[in-house]
2 protein chains.
Amino acid sequence: MDTRNFLRFLFLFFSGALVLLYAWVHLPSDLPSSAELLLLKNPFKPPRLRNSHVSDVPHHPLDPLTVREINQVRTILSCHALFKFSVSYALHSIELEEPEKPLVLQWKKGDPLLPRKATVVARVRGVSHVLTVDLTAREVTVHETGSHSGYPTMTIEDMTSATWAPFASAEFNRTIIQRGVDLTDLACLPLSTGWYGKAEASRRLAKVQCYTMKDTANFYMRPIEGLTVLVDLDTKQVVEISDKGRNIPIAKAANTDYRFSAMEFNKVKALVNPISLEQPKGPSFTVEDNHLVKWANWEFHLKPDARAGVIISRAQFRDPDTGELRDVMYKGFTSELFVPYMDPTEAWYFKTYMDAGEYGFGLQSMPLDPLNDCPRNAYYMDGVFAAADGKPYVRSNMVCMFERYAGDVGWRHSESPITGIKITEVRPKVTLVVRMAASVANYDYIVDWEFQTDGLIKIKVGLSGILMVKGTPYENMNQVPAQEYLYGTLLSENIIGVIHDHYVTFYLDMDVDGSDNTFVKVNIQSQKTSQGESPRRSYLKAKRNVAKTEKDAQVKLKLYDPSEFHVINPSKTTRVGNPVGYKVVPSGTAASLLDLEDSSQKRGAFTNNQIWVTPYNKSEQWAGGLFVYQSQGEDTLATWSERDRPIENKDIVVWYTLGFHHIPCQEDFPIMPTVSSSFDLKPVNFFESNPILRVPPNFEKDLPVCVSSASA
Amino acid sequence: MDTRNFLRFLFLFFSGALVLLYAWVHLPSDLPSSAELLLLKNPFKPPRLRNSHVSDVPHHPLDPLTVREINQVRTILSCHALFKFSVSYALHSIELEEPEKPLVLQWKKGDPLLPRKATVVARVRGVSHVLTVDLTAREVTVHETGSHSGYPTMTIEDMTSATWAPFASAEFNRTIIQRGVDLTDLACLPLSTGWYGKAEASRRLAKVQCYTMKDTANFYMRPIEGLTVLVDLDTKQVVEISDKGRNIPIAKAANTDYRFSAMEFNKVKALVNPISLEQPKGPSFTVEDNHLVKWANWEFHLKPDARAGVIISRAQFRDPDTGELRDVMYKGFTSELFVPYMDPTEAWYFKTYMDAGEYGFGLQSMPLDPLNDCPRNAYYMDGVFAAADGKPYVRSNMVCMFERYAGDVGWRHSESPITGIKITEVRPKVTLVVRMAASVANYDYIVDWEFQTDGLIKIKVGLSGILMVKGTPYENMNQVPAQEYLYGTLLSENIIGVIHDHYVTFYLDMDVDGSDNTFVKVNIQSQKTSQGESPRRSYLKAKRNVAKTEKDAQVKLKLYDPSEFHVINPSKTTRVGNPVGYKVVPSGTAASLLDLEDSSQKRGAFTNNQIWVTPYNKSEQWAGGLFVYQSQGEDTLATWSERDRPIENKDIVVWYTLGFHHIPCQEDFPIMPTVSSSFDLKPVNFFESNPILRVPPNFEKDLPVCVSSASA
């Protein structure tokens, strides 16, 4: 047997052995067996659901496709020439094609539903197609995908098959075994490759890296460092194996498991007595027709989305003075993420994830844990998505919604001893939170849309989950030579938490009292007084600058050159003549500092500014481009904005990017406490006066009577 | 009768009439009568308290002076030469003189209490004195007050008498009547003058401005614009009257009242069903000996303070691994505020308040409203302060403390469809909030110290209350000539909300595992890769810069040159060799943009940087200086820091300034919804790993059973 045949034999042997190995796993308690694993990797497992959604019908033009409609799409497509004669194809997304905005704006409850259409992204014989499926006419239109680089979002099937592809490689299996790892203990991740030049050109690729889950559910803390398997996503073939880190030991499993069931009983410690948000009269919101939320003065349409996670549409506020329902935001969602890791070495340089367009922020949102992800009073909404073969499936409890009282104050005033008048007037702050949590492999993103009764919308991103760590031979910082830089923090023996950034870019189609709005930067400038004008030498002056074109609205935030960012309706003023508006209020954030010519930053160029404003364009919704996977960055928000189109008194879209620099610390091991940041959309002269002036305070008589469940 | 005699007559007439007028008030319903007003203006009203505190005894070296101790101080002082022979004197503060830090650090419960001393600030015959009163030895030491400018914090009596002083002026009374305002409807405020040169030199002054409270409790919205009465605080005499705004109408009362009792019944609207934070098994914290708080892994000493509002001392965290109680912060409090208004005209230029040192942030903290300022499960703490004659009085319910569950997530992870493993582990986030609310005349500041189980301390400032507004002849923006700048926003007819800033500077004596600490700026820099090193052109690198001296630690935050700000213990590392530390994590903030040579900015020079670090010095606690009132800014944090003392591996104090630019908007009228900002003190390699790894999730069986009170 020559070397080549020997390798073939090895390959066959291991391929065969693999099947047997699955029956032999020794996973820690409570981990699924590998047989179960295989099953779980199939997203078509029978849904264990309170609602199978088979009888759902759409009620609103923006309602997502139903189970029935997705099935219809699949049926219609199966007769279409593109698919009829294809042995294999994959449907990367089947989503509602939202009707034209003016039609939606005109539509009222009771009107006949607008014609239902689906947008389908399909790959057939190595070519990506975008199709429109008209569900009424049963017609299919195939669109040009354009000359842009990039591929559609991976399907779950892509991801699953990529993680299994390496096992077909004898070389892979050999190096795993040589590292002392049992093949059955492997957990592998399909990592998007980004785009760095020729290597990523003209084929759809993933890089697979693996971990051992022996003795821990937290396999992320046990990386098989330096081993990267390049897999062709279309052919499922291993293209190349990079095997560099054989001298790096695999970190220990001890103290990495985070599951409650895996804790030693005597080490578990409840720090606080039970505490709960209680509403014996029930929540104050209603959800009409599955998606239309009505709460306090707010009304909005809420739906899960495979790519964006959650989409808020047609957010309107009932004016407390006029009773009129006023437009605030036509559509808001997480458009894209950008997560560059800060390690230029071979197994790490490419890690510059765009989680929405590469993995699907909604596809990665798992069912929320009642009582822990959301309080007891939460309402849950399921996602209905399509698998690669077009079959619908249900992601249960994907979004939750709850009323929050955090003990905070909506407004207050006491008269002080100075005036001596006896007044204390305080109103508690109660808000409505819409939440999803996407688990993009190791990391967890918690996205909250929090609606306040005073018209403010707070958009908050929380980061939790598990760090993506790097194996290292070092067990202590005192072993690290002075000149050596680790690209991160030694978190535990043999583990480095690599520095990285997170950017989350939000699409905010503001419609302040109508679609035609203007973006105004209200710049706060120091103004010197003239000689003799005042005992003061300086004061701050607010100067309004209308953004006429897109470039005027490219904003880098500056602490020492601050502005407020108003979206106003130039055709409407308040009683005393101020333009009605909403402002974007940044809070803590981070800016990308990567070289603008870096190919990752070109792809993530939508993070070059914190704020951008573009004219509404139905095709410009995904800040990194529709086909972000391996894209070269020629179709991003930055490109669109460079056209410098007029944006004054137009239907405009505001883009805001929330950023985090993350230098890991030991507290992030083995699972990280949530870190959050947020920004606000806040009414600014939108109302004539404080819209919650006339809400009553809490009275003891209205609050519930509670006993501990033990005594109940 | 010549003019002079006529004026004397008028003066006597009005002075006399004043007494009668108080019996004749026509205040809107629910406002106290002016007789009550007079009574209320006396802080010695009999306490309506659950606890008179007369039997309180100190247990801890940091416990505030008790009622009995304050009485002792008064008795001791009354025998001292300085006071014995003085007809009149005022005690501006009587506070515990905290024992030397090493003694406090050594002290343990059960040890005899350290000798109790009081620091007294007194004004006797126009001279300020600082005295130490030894309560055991009954000895008084008089300290040099130094050559610094400035006066002590106003007493409540100063403020009250200043507001009444103008009534003795015939000119004042005449102009009020000429403006059509009844004298009995006046509400006047004593405004600190700041320091702008000779006019403020060598006498203690206040500027009094007035409002009419006719038909509204919200007199702040009815300014008598342009009328400023300069009053000598020591003699109570009117020094000067500036009367400029006679042509400016007084804004209407309509829609300004914010009291629930003043609402028209049919306009009140409850937006939400009752919602409550419930803990049937009670709170998880204990308060030992009145001031020592123990909650989850935290222990700290909490006390109200007349100047700072709330002081947190000896914050320690019990290490979940070792069980050891570890030092985090020796002392933290609101050191000073700076609130410059941005209008250089005569009646406004001087408004550059320093609320802690001028008015007393604690003195202005009124009793919190149970159920509305804090949730139902809150615990309340009273303040015990001294009046100007040295008599103790009790400010009840000045501080609240409660456990918060806001529906948020402490940490979470779900395994995604990529790995297909069935895991969802989530831990709810429960925190402990310590809250006070200071009402410095119109504005309300809500200060929260929020302790998290993961070791993080969030310090949050909320702004609510009522704007300080300016009268204007304009009723609509269309009346304002294009070239005219209003210095703010027209909020309603005849009312401008003047632009202003708020800066709140915190003193944070961090003791990370001991007193000797080092401040490290971990700078995040873009690093270019060298040719051929990587497909990446750049990555971000963390570079640690130790601050050797104070100037190294003067920090202006920069989005595009970011750093983390670590306070580490250079003598202690984690198991894997990282220095243990805490970091200061800024969030949204604002920086002062005033001219550094502006006399207001010189006084507020502590806002010239967002972060400063100084070596511990018992005398450097008040960022604007001990005697801030009319100070010239020669004794601020900025001055101290300019000495550039060594700070490496020393007992250091971190100063953080939280800022807000406030361009008012109509939503702020007539009372503003709370605006908040915060910063965090966050463990960074302080723990070996996530300190809340082993807390259990919520289980339904542990949560309470609640019914609405109506059905109970």
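Since the structure is predicted, the reported quantities are computational estimates derived from the model, not experimental observations.

Colleague: Just checking my understanding: could you explain the pattern of salt bridges for this structure?
Modeller: For side chains bearing opposite charge, pairing can occur when the charged atoms are close. Summed over all chains, the structure comprises 101 salt bridges over all chains. One salt bridge in this structure joins A:K528 and B:D595, with 3.4 Å as the shortest N-O distance. With A:K528 in strand 25 (residues 516-528) and B:D595 in the loop between strand 28 (579-585) and helix 9 (599-603), this residue pair bridges two chains. Given a relative accessible area of 15%, B:D595 falls into the buried group. Between B:E642 and B:K551 there is a salt bridge; the shortest N-O distance is 3.3 Å. Of this pair, B:E642 sits in helix 10 (residues 637-642) while B:K551 sits in the loop between strand 26 (538-546) and strand 27 (563-573), and the two are 91 residues apart along the sequence. By relative accessible area, B:E642 is classed as partly exposed at 44%. The network of salt bridges with shared partners includes A:R404, A:R435, A:D448, A:E450, A:K460 and B:D408.

Colleague: What is the right way to read the domain arrangement of chain A from this model?
Modeller: Interfaces are frequently sized by the accessible area removed from exposure as the parts join. Residue and element names in this part refer to chain A. Entries for chain A in the domain assignment read domain 1 (3-40 + 155-267), domain 2 (67-143) and domain 3 (290-513 + 545-556 + 583-702). Look at where the C-alpha atoms of domain 2 and domain 3 centre, and you get two points 29 Å apart. Each partner contributes to the interface: domain 2 provides 20 residues, whereas domain 3 provides 24 residues. Taken together, the two surfaces of domain 2 and domain 3 that pack against each other cover about 1800 Å², and 56% of this comes from carbon and sulfur.

Colleague: Is there a simple way to explain the relation of the copies chain A and chain B in this structure?
Modeller: There are two copies of the chain, and a rotation about an axis plus a shift along that axis relates them. The transform that puts chain A on chain B rotates by 180° and translates by 0.0 Å along the axis, for an RMSD of 0.0 Å. Those values place the two copies in the arrangement expected of a two-fold rotation axis. A shared binding surface is used by both copies, with 100% of the interface residues of chain A retained as interface residues in chain B.

Colleague: Sorry, what's going on with the environment of B:G577 here?
Modeller: In this structure, B:G577 sits in the loop between strand 27 and strand 28. Other than its neighbours up to four places away in sequence, B:G577 contacts A:N476 and A:M477.

Colleague: It is not clear to me how the sheet that holds strand 7 (residues 227-232) of chain A should be interpreted in this structure. Could you clarify?
Modeller: Each strand in a sheet pairs with another by means of backbone hydrogen bonds, the pair being arranged parallel or else antiparallel. All names here are of chain A. One open sheet accounts for four strands, arranged 5-6-7-8; its pairing is antiparallel. Each edge of the open sheet carries a strand with a single partner, namely strand 5 (186-192) and strand 8 (238-243). Taking the axes of each pair of neighbouring strands and ignoring which way they run, one obtains an average angle of 25° across the sheet. Two strands pair when backbone bridges link them, and strand 6 (residues 205-212) and strand 7 are joined in this way by four bridges, in the antiparallel orientation. Looking at strand 7, one finds that V208 is bridged to V229. Against the sheet, helix 6 (residues 156-164) contacts strand 5, strand 6 and strand 7, and its axis sits at roughly 125° relative to strand 5. Across the sheet, helix 7 (residues 170-178) is in contact with strand 5, strand 6, strand 7 and strand 8; its angle to strand 7 comes to roughly 160°.

How each quantity is defined
- Residues numbered from 1 in each chain as written.
- Chains lettered and ligands numbered in written order.
- Predicted model: local features only at pLDDT ≥ 70, side-chain atom pairs only at ≥ 80, totals over all residues.
- Heavy atoms only, no water.
- Salt bridge = Lys/Arg side-chain N within 4 Å of Asp/Glu carboxyl O.
- Helix = DSSP H or I, 4+ residues; strand = E, 2+ residues; numbered from the N terminus.
- Buried < 20%, exposed > 50% of the residue type's maximum accessible area, 1.4 Å probe, protein only.
- Domains from an automatic or database assignment.
- Contact = heavy atoms within 4.5 Å.
- Buried area = accessible area lost by both parts, 1.4 Å probe.
- Least-squares fit on C-alpha atoms with pLDDT ≥ 70 in both.
- Pairing = 2+ DSSP bridges.
- Axes fitted to C-alpha atoms, helices over the stretch in contact; angles between N-to-C directions.

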